[in-house]
Amino acid sequence: MYEAYYNFREKPFRLSPDPRFFFSSKGHGRAMAYLLYGVHQGEGFIVITGEIGAGKTTLANTLARKLASRKLVLAQVVSTNLEADDIVRMVAAAFGLPQESSKAVLLNKLEQFLLACHRQGKRALLMVDEAQNLPARSVEELRMLSNYACAEKPLLQTFLLGQPEFRRMIQGPEMEQLRQRVTASCHLGPLDGAETEAYIMHRMQTVGWRNDPSFSRETFQAIYQHTGGIPRKINILCDRLLLKCRLDEKHAVTGTDVAEVTSELQQEFSPAGPRLDLELEG
């Protein structure tokens, strides 16, 4: 609705993860470096955790785009409380294998697929998003899949992305064997004030923003104050800000606008809370 009014090519603050809008903050840049390091190592597990809306899925999709031209066979799974047998089926399906009634048969086909990739000079990479939803037995099943090897060379590498509780889960004594196979891990925190401003500018410029509408320093500070620097919360707030300014036919976003929109969002989604606190997955 406001895109044409401000001459944007598309919406700058859409919620769906899109690698084109990836913003390499200090934390996100560090996480990406870990992921690329993991790809180079070609074995074990890479663990990336972060708060809800911190940008883990966008990070994973951006990595997938970076790796598209390499000799990698990439599979992505979004966990939804999958039990041990189901996680194996989901992994097989993500690699394009037909479903089998027997888990033993499915595991054999998965191993043969991984061996075929190895013979073709390709590497298999598995990304599991929302890993905090997995029961401990399912995480253990993923560890068992990492045992597949040929001439002592691992056939499958796995990236685990999840919310902070996943980090706490793998600290448990029953996860010792998994921890020994983690080659790198990091946690995505919120953006700081300066990064919040740069993040907003980056997304606006990606869609062709030419300082219309304008944002004052006060506006950026207010956005940071009400979102805590969480990217998805920034997206929600800024999208509504642009809509409000379009309806008001304004070409400057002010701190007052931020306060008004934040109040509206609190009433809609979190009436009891003092801040914008949307419990969204991701």
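Conventions and cut-offs
- Residue positions within a chain follow its written sequence, with the count starting from 1.
- The predicted nature of this model means local features are confined to residues of pLDDT at least 70 and side-chain atom pairs, given and counted, to a pLDDT of 80 or more, with totals for whole chains, interfaces and linings taken over all residues.
- Values shown for side chains rest on all heavy atoms present in the structure; no hydrogens or waters enter the calculation.
- At least two bridges found by DSSP between two strands is the condition for calling them paired.
- Numbering goes from the N terminus for both helices and strands, where a helix is a DSSP run of H or I of at least four residues and a strand is a run of E of at least two.
- Between the N-to-C directions of two axes lies an angle of 0 to 180 degrees, each axis being a line fitted to C-alpha atoms and, for a helix, fitted only over the stretch in contact.
- Should a side-chain nitrogen of Lys or Arg be within 4 Å of a carboxyl oxygen of Asp or Glu, the pair is scored as a salt bridge.
- Three labels apply to residues, based on accessible area from a 1.4 Å probe with only protein chains included: buried if under 20% of the type maximum, exposed if over 50%, partly exposed otherwise in between.
- Any two residues whose heavy atoms approach within 4.5 Å at even a single point are treated as in contact.
- Put simply, buried Ala, Val, Leu, Ile, Met, Phe, Trp, Tyr and Cys residues joined by side-chain atoms within 4.5 Å make one nonpolar core.
- Classification of ring pairs rests on two measures: the distance between centres of Phe, Tyr or Trp rings, Trp counted by its six-membered ring, which must be within 6.5 Å, and the angle between planes, read as stacked under 30 degrees, edge-to-face over 60 and tilted in between.

Student: In this structure, what is going on with the sheet that holds strand 6 (residues 156-162)? I would like to understand it.
Tutor: Pairing between the strands of a sheet is mediated by backbone hydrogen bonds and can be parallel or antiparallel. Strand order across the open sheet formed by 5 strands is 2-3-6-1-7, with parallel pairing between neighbours. Across the chains shown, the open sheet's two edge strands, defined by having one partner strand only, are strand 2 (72-78) and strand 7 (182-188). Taking the axes of each pair of neighbouring strands and ignoring which way they run, one obtains an average angle of 15 degrees across the sheet. Two elements, strand 1 (residues 45-50) and strand 7, share 6 bridges in a ladder whose sense is parallel. Counterpart to Ile46 in the pairing with strand 7 is Ala184.

Student: What exactly am I supposed to notice about the pattern of salt bridges here?
Tutor: Oppositely charged side chains can form a pair if their charged atoms are brought close together. Applying the stated criterion across every chain, the model contains 14 salt bridges. With a shortest N-O distance of 2.7 Å, Arg20 and Glu10 are connected by a salt bridge. You can see Arg20 sitting in the segment before helix 1 (26-41) and its partner Glu10 sitting in the segment before helix 1, a full 10 residues away along the chain. According to the relative accessible area criterion, Glu10 is buried, its value standing at 18%. Ionic pairing is found between Glu264 and Arg240, a salt bridge with its closest N-O pair at 3.6 Å. In this pair, Glu264 is assigned in helix 11 (residues 255-269) and Arg240 in helix 10 (residues 231-247), connecting sequence segments 24 residues apart. When its relative accessible area of 37% is taken as the criterion, Glu264 is described as partly exposed. Look at the salt bridges and you will find they share partners, linking Lys244, Asp248, Lys250, Asp257 and Glu260 into a network.

Student: Explain the side chain of Thr196 to me, please; I cannot follow it from the model alone.
Tutor: Its place among the elements puts Thr196 in helix 8 (residues 193-206). What makes Thr196 buried here is its relative accessible area of 0%. Once you skip the residues sitting within four places of it in the chain, Thr196 turns out to touch Leu191, Ile223, Tyr224, Gly229 and Ile234.

Student: What is the right way to look at the nonpolar core in this model?
Tutor: Most often, soluble globular proteins have nonpolar side chains that are buried together. With 35 residues, the main nonpolar core has Phe95, Leu126 and Leu142 as its most contacted residues. Contributing elements (two or more residues each) for this core: strand 1, strand 2, helix 3 (84-94), helix 4 (103-119), strand 3 (123-129), helix 5 (136-145) and strand 6. Per-element accounting of this core gives the leading share, 7 residues, to helix 4. Each residue touching Leu126, except ones within four places of it in the same chain, is listed here: Ala75, Val77, Val91, Phe95, Leu142, Leu156, Gln157, Thr158 and Phe159. Of all hydrophobic cores here, the second largest spans 27 residues; its members include Tyr2, Leu191, Met204 and Ala222.

Student: Sorry if this is basic, but what is going on with the packing of aromatic side chains here?
Tutor: The geometry of two aromatic rings is summed up by the distance between their centres and the angle between their planes. By the definition in use, this model includes 7 aromatic pairs. Measuring from ring centre to ring centre gives 5.8 Å for Phe23 and Tyr199, while their planes differ by 80 degrees; the resulting arrangement is edge-to-face. With a gap of 176 residues between them, Phe23 in the segment before helix 1 and Tyr199 in helix 8 connect regions that are remote in the sequence. Note on Phe23: relative accessible area 15%, which makes it buried.

Student: Could you clarify how one ought to interpret the pairing of strand 1 in this entry?
Tutor: Most of strand 1 sits inside the fold, with 6 of its 6 residues counted as buried. Side chains Phe45, Val47 and Thr49 of strand 1 all project onto a buried face; the interleaved residues Ile46, Ile48 and Gly50 project onto the opposite face, where all are buried too.

Student: Explanation requested: the environment of Phe220 in the structure shown.
Tutor: Tracing the backbone shows Phe220 in helix 9 (residues 217-227). Judged by its relative accessible area of 6%, Phe220 is buried. Sequence separation between Phe220 and His28 is 192 residues; the distance between their C-alpha atoms is 20 Å. Those residues in contact with Phe220, other than ones at most four positions away along the chain, are Glu197, Ile200, Met201 and Phe215.

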